[in-house]
Protein chains: 2
Amino acid sequence: MHPNPNLVTADNGPLLELERRILDSMTTIERWFRLQWQDHTPPFYGSVDLRNAGFKLAPVDMNLYPGGFNNLSEEMLPSAVQAAQSAIEHLCPDARNLLLIPERHTRNIYYLTNVARLARILRATGLEVRIGSLSVEVTSPTTISLPGNDRLVVEPLVRTGNRIGVAGFDPCAVLLNNDLSAGIPDILRGLEDQILLPPLHAGWAVRRKSQHFAAYDEVAQEFAQLLKIDSWTVNPYFARCGQINFHERTGEECLASNVDMLLSRIRAKYKEYGINEQPFVIVKADAGTYGMGIMTVRDVADVRELNRKQRNKMAVVKEGLEVNEVIIQEGVPTYEKVEDAVAEPVVYMVDRYVVGGFYRVNKDRGIDENLNAPGMHFVPLAFAGSCNLPDCSAQPGTAATNRFYSYGVIARLALLAASLELERTGHLVTRAPDAAPATAAVGN
Amino acid sequence: MHPNPNLVTADNGPLLELERRILDSMTTIERWFRLQWQDHTPPFYGSVDLRNAGFKLAPVDMNLYPGGFNNLSEEMLPSAVQAAQSAIEHLCPDARNLLLIPERHTRNIYYLTNVARLARILRATGLEVRIGSLSVEVTSPTTISLPGNDRLVVEPLVRTGNRIGVAGFDPCAVLLNNDLSAGIPDILRGLEDQILLPPLHAGWAVRRKSQHFAAYDEVAQEFAQLLKIDSWTVNPYFARCGQINFHERTGEECLASNVDMLLSRIRAKYKEYGINEQPFVIVKADAGTYGMGIMTVRDVADVRELNRKQRNKMAVVKEGLEVNEVIIQEGVPTYEKVEDAVAEPVVYMVDRYVVGGFYRVNKDRGIDENLNAPGMHFVPLAFAGSCNLPDCSAQPGTAATNRFYSYGVIARLALLAASLELERTGHLVTRAPDAAPATAAVGN
């Protein structure tokens, strides 16, 4: 694929102001991040979905188990290795062996290519890497052939006392690339003298998007003060409903009133900035991922009249878990296009560094819809080149370089929010299983 | 310039074995470096001249004030920014302002482009950067135009009590890009609460190549044990004469006997490995740089019959300093060629990371001569891409990728040696000026 696809941004309005502000403040911003990382430890890795509306540039999702390293351009890998070296040095400098635990599904070739690439990056930092599976189907070391003569060996996990590994391999560090949507497996609980990255409470068994965006509120507020901008230009409004049952149609009043409230607030902001757009919100599961259980709502009447099909769609996410908690998030239209299809940038980070990114492109979707859906494809970008070294003398927006620097900044705001979030939710995982949050399936 | 020039390596002999050993040991090597950097702090930056003889791959010089950042490819700059962020985080995490002190000569446009690029990299880490000159000619802020609409503002240094800066700018960190060949200026002595990078004793006023290669001996020894190889394959023999006067023709016996001894040792190794080459040594000033005061010696008779011209050439280096101390170093022929001209790789590092490199090419010189001489030019390479992420499945040597990984490893051995060297020579700069080593011109 071409490394620099024809990127279209339709708007010449206030975003260029924001980009110019970000570029002019580069030194201030980078120092601010440097000081923040002295107080807060970034997660080992993460990816952020951004939406660029021209008048607004904001994160809409933050993944702590990024599964698309295969979508990064080859040119960016050295940067990823360097960042991983830094992470290992901070988190487990003596480490010799690392166990990588991927998602359970072993048949998705794209995902497996991601795992292989992640293993390659980690090996280049001086780690012996083996791959241990939570899948009950993996009962002996299994070799999987991948495109390009690559191959992956996946082994059954072995628990010995309070340590986890694979046969003949006792790792000092365990890296999860499994988001624990199905709950925290007993085999991962109570590990001793082994560092688990990210920690268990970063998984969807415990994590809530609303907790992330509450932390992001604070980060965005501080950043906005630093740059003397309206924090709304980098921060989507959100609300939460904690006791929904789509099948039994309970809790819908909470949903409707919050949708109404958010649409009003967005309408007011659109009026303030003279934006001629129809406000919309996105309703999605507060825990979970994979683009399931997501709905675009343009009118409060839409959520009062959910038909059976819509309710069924919203009620269940990955691994068949029931949705009882939802986040209602201000919709940010994306004006980015790649080859005439709607696109949104996804930024990858390891440690505190941007290591690349790509566009998620979906020709079947509109600018106000979730793109993480059937029909999507990915266009890699040599992202970091421009993400940490903008050309400050160039016009903002005209050069992709400068646009991508802004993307890297906003993505790192979300990464910082994730750090705060994880600091605050660490106590949740020490609860006994039956006291875990409502949607968490426990054990497995 | 083409990013991947036609690289010719003439030899298919033992070096491929060494490269294969290095590739196969990547995980071991990277972990070993990680552990070394826990005990030793790398210099802020450095560059290493390598020579690749096919049968041997070794550093021949290590510069702690690299002046060729302009020769790195644009693609490598993000990697340099990331490394500089890491260095700042380790050395002065709170830093807001950094003062960059370049070489005195303000008219060399290539060097000034290096300074501008270095400043750009540093600014991208979140530092306010101003440039202060030691030159007496700079009496007020001076703007210098550079190619590509770039410009550089150089300001006179201001000393206020025990702090240094430029007008209206009080830096917490001072980065020298001046190798102090002319001695340690009084204005840099006795700074308090300002971190000076690299420290004063890294300058040629104090530093000796022989101290560096003594430390490199130890590093190469340990590395050779790790890889179970002969340390000679990565380490040039050397000796030192400390009391030479080329004008008065004193100390020449020391030179002759050491040349003789080294040639014998090299001859023995060549015999051991079946290498049909004429051994040679390089005689060069033990302190100093810029390719001055360097001589290729193939026969001990050569140094017994130095004519007036040769003696004059050897007697003086940069800034007119007299040479009394020389290092005699095993000559490593370079079999690298770029477009039919003799070439040697130069590897750039910031903090513990390889951030790029280039070939120094000199069509007027032979494979056993110093290339840092009139007629040289530089060919940048997208170096780090291959320097931290080799393709272990490919044949060594066939893919430039894998060759460059080896170069990055050997260069980092020299960087580690520089760390040891600086740990051991720190006491030298605290001496009173008149007790400083013989060649050090003091004050200025």
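The following paragraphs examine the structure supplied in this document. All values derive from a computational prediction rather than experimental measurement.

The rules behind these values
- Residues numbered from 1 in each chain as written.
- Chains lettered and ligands numbered in written order.
- Predicted model: local features only at pLDDT ≥ 70, side-chain atom pairs only at ≥ 80, totals over all residues.
- Heavy atoms only, no water.
- Helix = DSSP H or I, 4+ residues; strand = E, 2+ residues; numbered from the N terminus.
- Expected span 1.5 Å × (residues − 1).
- Polar contact = N/O pair within 3.5 Å; in protein donor to acceptor, adjacent residues only side chain to side chain.
- Patch = residues over 30% accessible without salt bridge, like charges linked within 9 Å, V, L, I, M, F, W, Y side chains within 5 Å.
- Areas by Shrake-Rupley, 256 points an atom, 1.4 Å probe, with all protein chains shown as cover.
- Salt bridge = Lys/Arg side-chain N within 4 Å of Asp/Glu carboxyl O.
- Lys, Arg positive; Asp, Glu negative; His and termini not counted.
- Charge placed at Lys NZ, Arg CZ, Asp CG, Glu CD.
- Buried < 20%, exposed > 50% of the residue type's maximum accessible area, 1.4 Å probe, protein only.
- Least-squares fit on C-alpha atoms with pLDDT ≥ 70 in both.
- Contact = heavy atoms within 4.5 Å.
- Buried area = accessible area lost by both parts, 1.4 Å probe.
- Axes fitted to C-alpha atoms, helices over the stretch in contact; angles between N-to-C directions.
- Left-handed = near helix turned anticlockwise from the far one by under 90°.
- Nonpolar A, V, L, I, M, F, W, Y, C, P; charged D, E, K, R; others polar.
- Disulfide = S-S within 2.5 Å.
- Pairing = 2+ DSSP bridges.

**Remarks on helix H4 (residues 109-123) of chain B**
For H4 of chain B, which comprises 15 residues, the first-to-last C-alpha distance of 21 Å matches the rise-based estimate of 21 Å (1.5 Å per residue) to within 8%. Of the residues flanking the start of H4 of chain B, the one acting as N-cap is Asn108 of chain B, its side-chain oxygen 2.9 Å from the backbone nitrogen of Tyr110 of chain B.

**Points about a negative patch on the surface**
Residue and element names in this part refer to chain A. The grouping of Asp260, Asp299, Asp302 and Glu305 at the surface amounts to a negative patch. Along the polypeptide, Asp302 turns up in helix H7 (residues 300-304). Of the residues examined, Asp302 reaches a relative accessible area of 34% and is grouped as partly exposed.

**Focus on the relation of the copies chain A and chain B**
Note on the copies: chain A fits chain B at an RMSD of 0.1 Å, the axial shift is 0.0 Å, and the rotation between them is 180 degrees. The relationship between the two copies is best expressed as a two-fold rotation axis. Across chain A, the rotation axis passes nearest the C-alpha of Ser79 of chain A, at a separation of 3.0 Å. Same-surface contact between copies: 100% of interface residues of chain A are shared with the interface of chain B.

**Looking at the interface of chain A and chain B**
Listed by partner, the interface residues are 38 residues for chain A and 38 residues for chain B. Summing the contributions of chain A and of chain B, the shared interface buries around 3,400 Å²; its carbon and sulfur component is 47%. Our count for the contact surface shared by chain A and chain B stands at two salt bridges. Linking chain A with chain B are 20 residue pairs in polar contact (both at pLDDT 80 or more).

**Side note on the packing of helix H2 (residues 26-39) of chain A against helix H5 (residues 209-227) of chain A**
All names here are of chain A. Look at H2 against H5: their axes get within 11 Å of each other, and the N-to-C directions meet at 145 degrees. Helix-helix and strand crossings are classified by hand; for H2 and H5 the assignment is right-handed. Note on element contacts: H5 touches H2 through Val219, Glu222, Phe223, Leu226 and Leu227, opposite Thr28, Ile29, Trp32 and Gln36. Looking at the contact of H2 with H5, its residues break down into six nonpolar, two polar and one charged.

**What to know about the state of the cysteines**
Residue and element names in this part refer to chain A. Counting across every chain of the model gives two disulfides over all chains. Here Cys241 is linked by a disulfide to Cys254, with a sulfur-sulfur distance of 2.1 Å. Residues Cys241 and Cys254 are joined by a disulfide whose S-S torsion is about -95 degrees; by sign, that bridge is left-handed. Remark: Cys254 occurs in helix H6 (residues 252-273) and Cys241 occurs in strand S12 (residues 238-241); sequence separation between them is 13 residues. Exposure remark for Cys241: the relative accessible area of 0% places this residue in the buried category. The class for Cys254 is partly exposed, based on a relative accessible area of 28%. Take Cys172: it sits in no disulfide, and the sulfur closest to it among the cysteines is that of Cys92, at 6.4 Å. Judged by its relative accessible area of 27%, Cys172 falls in the partly exposed class.

**Details of the sheet that holds strand S13 (residues 281-285) of chain A**
Strand pairs in the sheet, formed through backbone hydrogen bonds, run parallel or antiparallel to each other. Residues and elements named next belong to chain A. Strand order in the open sheet formed by four strands is S12-S15-S13-S14, and the pairing between neighbours is antiparallel. In this open sheet, the two strands that pair with only one neighbour each are S12 and strand S14 (294-297). Going from strand to strand, the sheet's axes swing by 20 degrees on average, the running direction of each strand aside. By the bridge criterion, five bridges tie S13 to strand S15 (residues 326-330) in an arrangement that is antiparallel. Bridging from a neighbouring strand, Ala285 pairs with Val326 of S15. Across the sheet, H6 touches S12, S13, S14 and S15, and the angle it forms with S12 is around 175 degrees.

**Let's talk about the side chain of Ser419 of chain A**
Residue and element names in this part refer to chain A. The residue Ser419 is located in helix H10 (residues 400-425) in this model. Among the residues examined, Ser419 registers a relative accessible area of 2% and is labelled buried. When residues no more than four places from it in sequence are discounted, the contact partners of Ser419 are Trp37, His40, Thr41, Pro42 and Pro43.

**Looking at unusual backbone geometry**
A cis geometry characterises the amide bond from Leu197 of chain A onward to Pro198 of chain A, with omega recorded as -20 degrees. Positive phi values are uncommon outside glycine, yet Asp193 of chain B reaches one of about 60 degrees. Within the fold, Asp193 of chain B resides in the loop between strand S10 (173-177) and strand S11 (195-197). Unlike most non-glycine residues, Asp351 of chain B shows phi in positive territory, near 55 degrees. Positionally, Asp351 of chain B belongs in the loop between strand S17 (341-350) and strand S18 (353-362).

**Let's talk about the pairing of strand S3 (residues 57-63) of chain B**
Residue and element names in this part refer to chain B. Of all seven residues in S3, six are buried, a share of seventy percent or more. Where strand S2 (residues 45-52) and S3 come together, six bridges link them in antiparallel fashion. Considered in S3, the bridge of Asp49 is made with Asp61. Linking S2 back to S3 in an antiparallel pair, the connection comprises four residues, with Gly54 at a positive phi of about 85 degrees.

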